[in-house]
Amino acid sequence: MYHVVFLDIDGVLNSNFWCENNQREISNGILIDKDKVKLLSTLVKTTSAKIILHSGWRFWFDSNLKSLRIEAEKLVDIFQREGLSIDGVTPDLTTEEIRLTKKFSLVKADEILLWISEHKDVQNWIVIDDLDLHNSEIEQHQIKTDNTIGLTVEDLENAKKMLLRK
């Protein structure tokens with residue numbers, strides 16, 4: 001039995017505030033706030049959770065979780081420096097219309113629930129995302145970040161409580 005963190009990237013490991021103040025880094029493909037990754041690392045190490053990517057960033061990896069874009073490579077590098085790894089990704093239930101309109105939040109909950117149904121050995125799980133995922137079951141497990149701030153110490157504490165509850 002193990003714990004799972006379903007992780008979104010934009011609005012969690014970066015934020016509108018951070019992005020506005022780091023345009024040079026964004027143009028170089030970095031896009032990630034290292035301090036937010038350190039918070040995530042604390043959560044994962046404290047709870048021994050696995051990270052399952054449910055962000056649009058998952059499309060930047062192949063089926064073996066090898067990076068397909070510079071942004072994905074940089075994410076993996078930053079994660080490795082903090083002792084983190086991506087342990088999997090949620091399935092893709094998007095349609096062409098969803099991809100064109102970028103309304104991924106319409107299927108994210110179904111993708112997460114499908115992943116859980118295929119992995120019966122999950123003890124506790126949380127979703128860290130800045131979007132409303134339109135599902136009451138997911139809502140009970142969600143740490144909803146403020147996209148202008150990203151992941152905070154308070155989010156981290158709430159996530160630990162949710163993952164470690166009996």
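Remember, predicted model here, so these are calculated numbers, not experimental data.

About the cut-offs
- Residues numbered from 1 in each chain as written.
- Predicted model: local features only at pLDDT ≥ 70, side-chain atom pairs only at ≥ 80, totals over all residues.
- Heavy atoms only, no water.
- Helix = DSSP H or I, 4+ residues; strand = E, 2+ residues; numbered from the N terminus.
- Buried < 20%, exposed > 50% of the residue type's maximum accessible area, 1.4 Å probe, protein only.
- Phe/Tyr/Trp six-rings, centres within 6.5 Å; stacked < 30°, edge-to-face > 60°.
- Lys NZ or Arg CZ within 6 Å of the ring centre and 35° of its normal.
- Expected span 1.5 Å × (residues − 1).
- Arc of directions from axis to C-beta.
- Contact = heavy atoms within 4.5 Å.
- Lys, Arg positive; Asp, Glu negative; His and termini not counted.
- Salt bridge = Lys/Arg side-chain N within 4 Å of Asp/Glu carboxyl O.
- Axes fitted to C-alpha atoms, helices over the stretch in contact; angles between N-to-C directions.
- Parallel < 35°, antiparallel > 145°, perpendicular 65-115°, else oblique.
- Left-handed = near helix turned anticlockwise from the far one by under 90°.
- Nonpolar A, V, L, I, M, F, W, Y, C, P; charged D, E, K, R; others polar.

Draft legend 1. Region of the structure containing unusual backbone geometry. At serine 48, a position not held by glycine, the phi torsion is positive, near 55°. With respect to the element layout, serine 48 can be found in the loop between helix 3 (34-47) and strand 2 (50-53). For serine 48, a relative accessible area of 57% translates into the label exposed. Even without glycine at this site, leucine 65 takes up a positive phi of about 65°. Here leucine 65 lies in the loop between strand 2 and helix 4 (70-81).

Draft legend 2. Just the packing of aromatic side chains, in detail. Considering all chains together, one arrives at 4 aromatic pairs under this definition. A centroid spacing of 4.7 Å and a plane angle of 45° characterise the contact between tryptophan 57 and tryptophan 60, whose relative ring orientation is tilted. We classify tryptophan 60 as buried; its relative accessible area is 17%. Between phenylalanine 59 and phenylalanine 104, the aromatic rings sit 6.5 Å apart at their centres with planes inclined by 40°, giving tilted as the arrangement. Taken together, the positions of phenylalanine 59 in the loop between strand 2 and helix 4 and phenylalanine 104 in the loop between helix 5 (96-101) and helix 6 (105-117) put the pair 45 residues apart, joining distant regions of the chain. Within the aromatic cluster, the residues linked to one another by ring pairs are Phe6, Trp115 and Trp125. Over the ring of tyrosine 2 we find lysine 50; its NZ or CZ atom is 4.3 Å from the centre of that ring. The ring centre of tryptophan 60 lies 4.0 Å from the NZ or CZ of arginine 69, which sits over that ring.

Draft legend 3. Structural context of helix 4. Between its terminal C-alpha atoms helix 4 stretches 17 Å, which fits the 16 Å expected from 12 residues at 1.5 Å a residue. What helix 4 keeps buried is the set Glu71, Ala72, Leu75, Ile78 and Phe79. Axial view of helix 4: buried residues confined to an arc of 125°, hence all on one face. Along helix 4, exposed side chains directed more than 90 degrees from the buried face belong to Gln80 and Arg81. Buried-residue contacts for helix 4 involve strand 1 (2-7), helix 3 and strand 2. Where helix 4 ends, the next residue or the one after it, glycine 83, has phi of about 75°, a positive value.

Draft legend 4. Spotlight on the side chain of aspartate 155. Examined against the element boundaries, aspartate 155 turns out to sit in helix 8 (residues 153-164). Buried within the structure, aspartate 155 lacks any salt-bridge partner; its nearest side chain of opposite charge belongs to lysine 36, at an N-O separation of 7.3 Å.

Draft legend 5. Geometry of the pattern of salt bridges. Under the definition given, this model contains 5 salt bridges. When the shortest N-O distance is used, the salt bridge between lysine 160 and glutamate 157 registers 3.3 Å. With lysine 160 and glutamate 157 both in helix 8, this residue pair falls 3 residues apart, about one helical turn. A relative accessible area of 18% means that lysine 160 is categorised as buried.

Draft legend 6. Quick peek at the packing of helix 3 against helix 4. Two numbers describe how helix 3 lies on helix 4: the axes approach to 10 Å, and their chain directions differ by 55°. If you check the angle between helix 3 and helix 4, you find them oblique. When the axes of helix 3 and helix 4 are compared, the crossing they make is right-handed. Here Lys34, Val37 and Leu40 of helix 3 lie close against helix 4, whose contacting residues are Ile78, Phe79 and Arg81. Counted by class, the contact of helix 3 with helix 4 contains 4 nonpolar, no polar and 2 charged residues.

Note that all results are geometric; they support no functional claim without further evidence.
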